[in-house]
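# Report on the structure
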Number of protein chains: 2
Amino acid sequence: MLKVPDHQVAGHRQARDGKPSPLIDDAGRFYKPLQDDDRGSQEVAFYSSFSSNTRVPDHVRRLFPVFHGTQLIEASDGSGLRPHLVLEDVVSSRSHPSVMDIKIGSRTWYPEASEDYIQRCFKKDRETSSLSLGFRISGLQIYGNEESRLWKPENKLVQNLSAADVKVVLKKFVSSNFPDDPNSDPDCSFAASVYGGSNGILAQLLELKAWFEDQTMYHLNSCSVLMVYEKEKVLKGERSDAEVKLIDFAHVTEGKGIIDHNFLGGLCSVIKFISEILTSPDECTTKVCLQDSDKNTNDSENCTTEGM
Amino acid sequence: MLKVPDHQVAGHRQARDGKPSPLIDDAGRFYKPLQDDDRGSQEVAFYSSFSSNTRVPDHVRRLFPVFHGTQLIEASDGSGLRPHLVLEDVVSSRSHPSVMDIKIGSRTWYPEASEDYIQRCFKKDRETSSLSLGFRISGLQIYGNEESRLWKPENKLVQNLSAADVKVVLKKFVSSNFPDDPNSDPDCSFAASVYGGSNGILAQLLELKAWFEDQTMYHLNSCSVLMVYEKEKVLKGERSDAEVKLIDFAHVTEGKGIIDHNFLGGLCSVIKFISEILTSPDECTTKVCLQDSDKNTNDSENCTTEGM
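I will try to describe carefully the structure that is included in this document. These numbers were taken from a predicted model, which means no experiment stands behind them.

### Remarks on the pattern of salt bridges
Residues and elements named next belong to chain B. A complete count under the given rule lists 42 salt bridges over all chains for this structure. The salt bridge involving R94 is made with E243; its shortest N-O contact spans 3.0 Å. Here R94, found in the loop between β4 (81–88) and β5 (97–104), pairs with E243, found in strand β10 (residues 243–247); they are 149 residues apart in sequence, far enough to count as distant. Judged by its relative accessible area of 11%, R94 is buried. Between K167 and E276 there is a salt bridge, with the nearest N and O atoms lying 2.4 Å from each other. Here the residue K167 occupies a position in helix α6 (residues 163–172), and E276 occupies one in helix α10 (residues 261–279), the gap between them amounting to 109 residues. Each member of the pair K167 and E276 is classed as buried.

In structure tokens, the structure reads:
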């Protein structure tokens, strides 16, 4: 029995523009329709290569969805049989997952892409926070303490956040008083159990970082980091099941002996934001002034607590 | 007594296009003429801010030239008095320095720049190795074992090298048989003493990397890492005086709470190249094939020793 999943948070993983949406089954598998153009075959090529690549260590492999090959099934929009990627279902098997999809890299295009694609991405990277932050939030949903309450802002609203606003969203993601009480500051009460700890999101991101400092096999252009956890488990005092998974490999290219410096830089930026929330959840921002060389500059600006 | 220095290896640090060149004195100071447009004042603003910024740790500060303020002196081209940055002379005080100037970052432009500047940099980053490698070699000179022998390729020839060729140049930089014998493989006999060791270039680059993972004060757009050492000292068995210095701050902008992910990514790419030379100077390149999803891909290509 295949059905359309509830918890898709980002762009092209939803049915739109006449394209079929992904499907899930009861056995924890996620069926992603292959895109018609090169992207479909590029994503299959990546999963095939990655899943059989013995040089990928296990602690890195677990940060990617398990690949079960491709399968010809009826598309969700009734348009007939269509090849689907069959993947581990990372999100939909959970009952009330809080999810954030972060597209990594200040640049989503790559030299091998078409000029038209390059120009479109170049424009979008400048219009969103990708260029400035090294990443953009592509979508998110956060459950409140009552299961029925869900905060799922429009994707357009979160793609171009400032550094201060991204930090607030990352705090909301691990707070007990959001989204129920949008008027108070996020309390970050789940930060230690979700972001922190030896199995937390930060530890997983740091494992990914160490791999990207070394691996020169793949460039993960326009790829996302998905962060998932369930608030109710944390509330019950159970061990956090916070998980990081990389998704969307339709634009992966060969590394050719070069590290993926674009992904690595963006990932380090995400890591810095999350580290700051863990080390000083109430910290202030300071700025260094370069505008006026005479008035130079031990003066940092007055501290302000960020709000959104 | 001011004079024009001998050892400038990269672009705009030489007199050309009717612009005066830098000058040096006998006391180890380097006088860099201020550029007329915003770049001059931006560079002064950076040095002023940085030199008085108490949050910069000493082990990072030593990787930047010491700043001695600005001074109005006669320009080298006889065009009259002109303001100059007065800096520590990193290169010219050495007798036979081997020097490499590496411009860091896959992107040399930045959001605050003019559209014209952005488009010019965008084009040049794609035409050089900046985009693919995350850096480009802006210039270099390597002394042979006899002091009179100097290899100083045209800057244009080194700006767009492949990964394999960059590795060869980085090997030549620390080899005893280059540039004297261009037909044999670089022997990397100085790699351990110049790149390696607790005071070597790699250790200095790793200190820089750790700082860039954390600091959110400055974005060092279009800035270079200079690597300098003297072969004769290494040949005599003296302690290597290999040094890393950051230079060219005409395009520095405020970090605004965000790490410089563009610089960091490019720096990590340089670090990876140098690490590989240290760990396996004769290693081969392997590739992962993404082209054909059926033929997938534990097959790495046959090993080939790189040559240039």
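### Overview of the interface of chain B and chain A
Listed by partner, the interface residues are 56 residues for chain B and 56 residues for chain A. Of the roughly 4500 Å² buried where chain B meets chain A, counting both sides, 58% is carbon and sulfur surface. At the boundary of chain B and chain A, one finds six salt bridges. One salt bridge in this structure joins K272 of chain A and D214 of chain B, with 2.8 Å as the shortest N-O distance. Run the count over chain B and chain A and you get ten residue pairs in polar contact (both at pLDDT 80 or more). Of all elements in the fold, only α1 (38–51), α3 (115–127), α4 (130–133), β11 (252–254) and α10 of chain B reach the threshold of two or more residues within the side of chain B that touches chain A.

### What about the sheet that holds strand β2 (residues 29–33) of chain B?
Residue and element names in this part refer to chain B. What the four strands build is an open sheet, ordered β1-β2-β4-β3; its pairing is antiparallel. Looking at strand neighbours, the two that pair on one side only are β1 (23–24) and β3 (67–74), the edges of this open sheet. Strand direction decides the pairing type here: β1 and β2, joined by two bridges, are antiparallel. Among the inter-strand pairings, L23 is bridged to a residue of β2, identified as Y31.

Rules behind the numbers
Residues numbered from 1 in each chain as written. Chains lettered and ligands numbered in written order. Predicted model: local features only at pLDDT ≥ 70, side-chain atom pairs only at ≥ 80, totals over all residues. Heavy atoms only, no water. Salt bridge = Lys/Arg side-chain N within 4 Å of Asp/Glu carboxyl O. Helix = DSSP H or I, 4+ residues; strand = E, 2+ residues; numbered from the N terminus. Buried < 20%, exposed > 50% of the residue type's maximum accessible area, 1.4 Å probe, protein only. Contact = heavy atoms within 4.5 Å. Buried area = accessible area lost by both parts, 1.4 Å probe. Polar contact = N/O pair within 3.5 Å; in protein donor to acceptor, adjacent residues only side chain to side chain. Pairing = 2+ DSSP bridges.

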